[in-house]
Amino acid sequence: MPISALPSPYGIGTLGKAAYDFADFLHAAGQGYWQLLPMGPTSYGDSPYQSFSTYAGNPYYIDLDMLIKDGLLTRKDLAGIDWGSNERYVDYAKIYESRFAVLAKAKARGWQRDSAEVAQFVEENKRWLPDYALFMACKRHFGMKAWTEWEDEDIRLRKNRAVLEEYRLKLREDVEFFIYIQYLFYKQWNQLKAYIHSLDIRIIGDLPIYVALDSADVWAEPEWFQLDSRNVPTEVSGVPPDYFSEDGQLWGNPLYRWDTMQEDGFGWWIRRVDGAGKLFDVIRIDHFRGLESYWSVPYGETTAKNGRWVKGPGMRFVNAVMGWFPELEFIAEDLGYPTPEVAQLLRDSKLPGMKVLVFAFDSRDSSSYLPHVYGENCICYTGTHDNAPIALWRKEAAKADIKFATEYLGLNEAEGFNWGMIRGGMSSVAKLFVAQMQDYLELGEGHRMNTPGIASGNWQWRMCKGEASKKLARRIKAAATLYGRV
């Protein structure tokens, strides 16, 4: 259940009352974990997997009612703003048009007032925050163009410290603004996280394997990426043709210089995981198979078809990163192309992999996703943000697949198709069972979070107010109790 999908006012889910209410709902439902999507500031396409920073929080998630309570905004500041008319879907264009102007008013009132706390926040985050704030200020200065298109080559290529300080001074107001909204995000997040923990609920977060080309991460530290002397990518990320797309998926993220990273002891990654650990208790490593071998596509290709597999860092990376963070838990997103080498890496890492129920019932092939073949060291999902919710899958899947699922799980009309699938996962030996909120709500067409390979219309779904009801919490808790998962 992403933060963006909460039924908060002002057009998108936030870290305010709706988040606390959802935590209460999970507690009443006997749940021990809440899994989120990445929470970084989104860019073109609104994807949380294409963020301006791997460390920063999304300014849209800052709760405006909490800012009013804190004396940083007034009701008048929000009067007449159109945040979007459909409570079921986020209208990112309207939010982009208005949100930053509102947050600027909060900064104007709070920058001096909160100066001591802000200074401490900057000191605690000095490895990434000054670069991020300057990056965003420069993006504004250059009309929100990608940094690779900035007209001034000196700042684009970060020629020297003097250039950075010149722009930091020239764009001081915007630099301060982007620092302050990160301060607000983390202040609200830390309060919410403490509340979630008080309910004995842990937070699972997603760590995308790649960062966006148009990000402070690549601009500030290009030496870790496969870029040429002009900081233009030479090879980019993607996946070959698969279940989701016959052209594959051309993600377009710059690939890592894994040899250089290894020589440095994977320090860039250690810092990155440390940042994620400030947000989450459990980290899902997205595209884990890319650590064994990754799909490398020449820069400039229009599809992912003409890529090639290149060996990744494997257990050298896993041992280095996991060794630094004994207090964190990790999940390996090992979906897609389950080669013997990927399976061996998963076994060697001892991390739990993922089992997706809607993948289990392909009638043409016996499947490792069928519950009776699970080992305990895995996480069972009804589906992920990239899958159709159960009710939509039932409509779109082959009749033979639906027949197989019905027979395998003993589905019946009295129980309902969704709840029969949920039972199949709940009753498995998997150490943890996770369902999309849409599946508990039995929502189908129009309620998908993301369709891979489709560039627009994603990441918009929201839960409506009242859907996370006491009645639903009781039903979820009853199922979790029956299968020993409370």
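Below, the structure is looked at part by part. (Residues numbered from 1 in each chain as written. Predicted model: local features only at pLDDT ≥ 70, side-chain atom pairs only at ≥ 80, totals over all residues. Heavy atoms only, no water.)

Let's talk about the overall build of the protein
Alright, step 1. Regarding its fold elements, the protein presents 19 helices and 10 strands.
Alright, step 2. In terms of C-alpha radius of gyration, the protein reaches 23 Å, essentially the compact-globule figure of 23 Å for 486 residues.
Alright, step 3. The dimensions of the protein, computed from C-alpha atoms along their principal axes, are 70 × 50 × 40 Å.
Alright, step 4. When burial is assessed residue by residue, the protein has 58% of its 486 residues classed as buried.
Alright, step 5. When contacts within the protein are restricted to residue pairs at least 6 apart in sequence, those whose partners lie at least 24 apart make up 72%.
Alright, step 6. Counting every atom, the protein has about 20900 Å² of accessible surface; 51% of that belongs to carbon and sulfur.
Alright, step 7. Mean positive and mean negative side-chain charge positions of the protein (56 and 64 charges, respectively) differ by 4 Å. (Helix = DSSP H or I, 4+ residues; strand = E, 2+ residues; numbered from the N terminus. Rg over C-alpha atoms; globule rule 2.2 N^0.38 Å. Buried < 20%, exposed > 50% of the residue type's maximum accessible area, 1.4 Å probe, protein only. Contact = heavy atoms within 4.5 Å. Areas by Shrake-Rupley, 256 points an atom, 1.4 Å probe, with all protein chains shown as cover. Lys, Arg positive; Asp, Glu negative; His and termini not counted. Charge placed at Lys NZ, Arg CZ, Asp CG, Glu CD.)

Quick notes on the sheet that holds strand 2 (residues 202–207)
Note on sheets: strands pair through backbone hydrogen bonds, and any given pair is parallel or antiparallel.
Alright, step 1. Reading across the sheet, the 4 strands line up as 1-2-4-7 and stay open at both edges, with parallel pairing between neighbours. The outermost strands of the open sheet, each flanked by one partner alone, are strand 1 (33–35) and strand 7 (329–332). Shown here is a sheet whose adjacent strand axes are inclined to one another by a mean of 25°, direction ignored.
Alright, step 2. As defined by bridge partners, strand 2 adjoins strand 4 (residues 282–285) across 4 bridges and the pair is classed as parallel. Within strand 4, the position partnered with I204 by the bridge is V282.
Alright, step 3. Across the sheet, helix 12 (residues 267–277) touches strand 2, strand 4 and strand 7, and the angle it forms with strand 2 is around 145°. (Pairing = 2+ DSSP bridges. Axes fitted to C-alpha atoms, helices over the stretch in contact; angles between N-to-C directions.)

Comments concerning the pattern of salt bridges
Alright, step 1. Under the definition given, this model contains 34 salt bridges.
Alright, step 2. E176 serves as the salt-bridge partner of K107, at 3.0 Å between the closest nitrogen and oxygen. Pair noted here: K107 is in helix 4 (residues 92–110) and E176 is in helix 9 (residues 172–198), with a separation of 69 residues, a long-range link.
Alright, step 3. Its relative accessible area of 8% is what places K107 among the buried residues.
Alright, step 4. In this structure, the salt-bridge partner of E415 is R423, at a minimum N-O distance of 2.7 Å.
Alright, step 5. Each of E153, D154, R156, K159 and R230 takes part in salt bridges that share partners, so that together they form one network. (Salt bridge = Lys/Arg side-chain N within 4 Å of Asp/Glu carboxyl O.)

Here we look at helix 6 (residues 129–141)
Alright, step 1. The terminal C-alpha atoms of helix 6 lie 18 Å apart, and with 13 residues this matches the ideal 18 Å at 1.5 Å per residue to within 8%.
Alright, step 2. Burial analysis of helix 6 places 10 of its 13 residues in the buried class, which makes it a mostly covered element.
Alright, step 3. Where helix 6 is concerned, the buried positions are L129, D131, Y132, A133, L134, F135, M136, A137, C138 and K139.
Alright, step 4. Against the buried residues of helix 6 lie helix 5 (115–124), helix 7 (153–156), helix 8 (161–170), helix 9 and helix 10 (216–220).
Alright, step 5. Downstream of helix 6 by a residue or two, G143 has a phi angle that is positive, lying close to 70°. (Expected span 1.5 Å × (residues − 1).)

Quick word on the sheet that holds strand 3 (residues 235–238)
Alright, step 1. Across the sheet, 3 strands lie side by side as 3-5-6; this open sheet has antiparallel pairing. The open sheet terminates on both sides in strands that have one partner only, identified here as strand 3 and strand 6 (308–311). Geometrically, the sheet is characterised by an average inter-axis angle of 50° between neighbouring strands, direction not taken into account.
Alright, step 2. In the sheet, strand 3 pairs with strand 5 (residues 293–298) via 4 bridges, with the strands oriented antiparallel. If you follow S237 over to strand 5, its bridge partner there is S296.

Description of the nonpolar core
Alright, step 1. In this structure, W34, W269 and W393 are the most contacted members of the largest nonpolar core, which totals 167 residues.
Alright, step 2. The leading source of residues in this core is helix 9, at 13 residues.
Alright, step 3. Leaving out residues up to four positions away in the same chain, W34 has contacts with M1, I3, L6, A19, F22, A23, L26, I196, I201, R202, I203 and I204. (Core = buried A, V, L, I, M, F, W, Y, C linked by side-chain atoms within 4.5 Å.)

Comments concerning unusual backbone geometry
Alright, step 1. For R158, which is not a glycine, the phi torsion comes out positive at approximately 50°.
Alright, step 2. Tracing the backbone shows R158 in the loop between helix 7 and helix 8.
Alright, step 3. Taking relative accessible area as the criterion, R158 reaches 19% and is therefore assigned buried.

What about a positive patch on the surface?
Alright, step 1. A contiguous patch of positive charge, built from K470, K471, R474 and R475, is present on the exposed surface.
Alright, step 2. Within the element layout of this structure, K470 appears in helix 19 (residues 470–482).
Alright, step 3. Judged by its relative accessible area of 69%, K470 falls in the exposed class. (Patch = residues over 30% accessible without salt bridge, like charges linked within 9 Å, V, L, I, M, F, W, Y side chains within 5 Å.)

Brief notes about the environment of L328
Alright, step 1. Structurally, L328 can be placed in the loop between helix 13 (315–324) and strand 7.
Alright, step 2. For L328, a relative accessible area of 10% puts it in the buried group.
Alright, step 3. It is 5.9 Å that separates the C-alpha atoms of L328 and V282, two residues lying 46 residues apart in sequence.
Alright, step 4. Contacts of L328, omitting those with residues within four sequence positions, involve V273, G277, F280, D281 and I283.

Looking at the pairing of strand 8 (residues 353–356)
Alright, step 1. Side chains G353 and K355 project from strand 8 onto one buried face, and the interleaved M354 and V356 project onto a second face that is buried too.
Alright, step 2. As judged from the 4 bridges shared by strand 8 and strand 9 (residues 378–381), these two strands associate in the parallel manner. In the strand pairing of strand 9, V356 is matched with Y381.

Quick look at the packing of helix 1 (residues 17–28) against helix 9
Alright, step 1. Viewed as axis vectors pointing N to C, helix 1 and helix 9 meet at an angle of 15°, and their least axial separation amounts to 10 Å. Judged on the interaxial angle alone, helix 9 and helix 1 are roughly parallel. Taken as a pair, helix 1 and helix 9 cross one another with a handedness that is right-handed. Residues A19, Y20, A23 and D24 of helix 1 pack against Q191, L192, Y195 and I196 of helix 9.
Alright, step 2. Considering only residue class, the contact of helix 1 with helix 9 consists of 6 nonpolar, 1 polar and 1 charged. (Parallel < 35°, antiparallel > 145°, perpendicular 65-115°, else oblique. Left-handed = near helix turned anticlockwise from the far one by under 90°. Nonpolar A, V, L, I, M, F, W, Y, C, P; charged D, E, K, R; others polar.)

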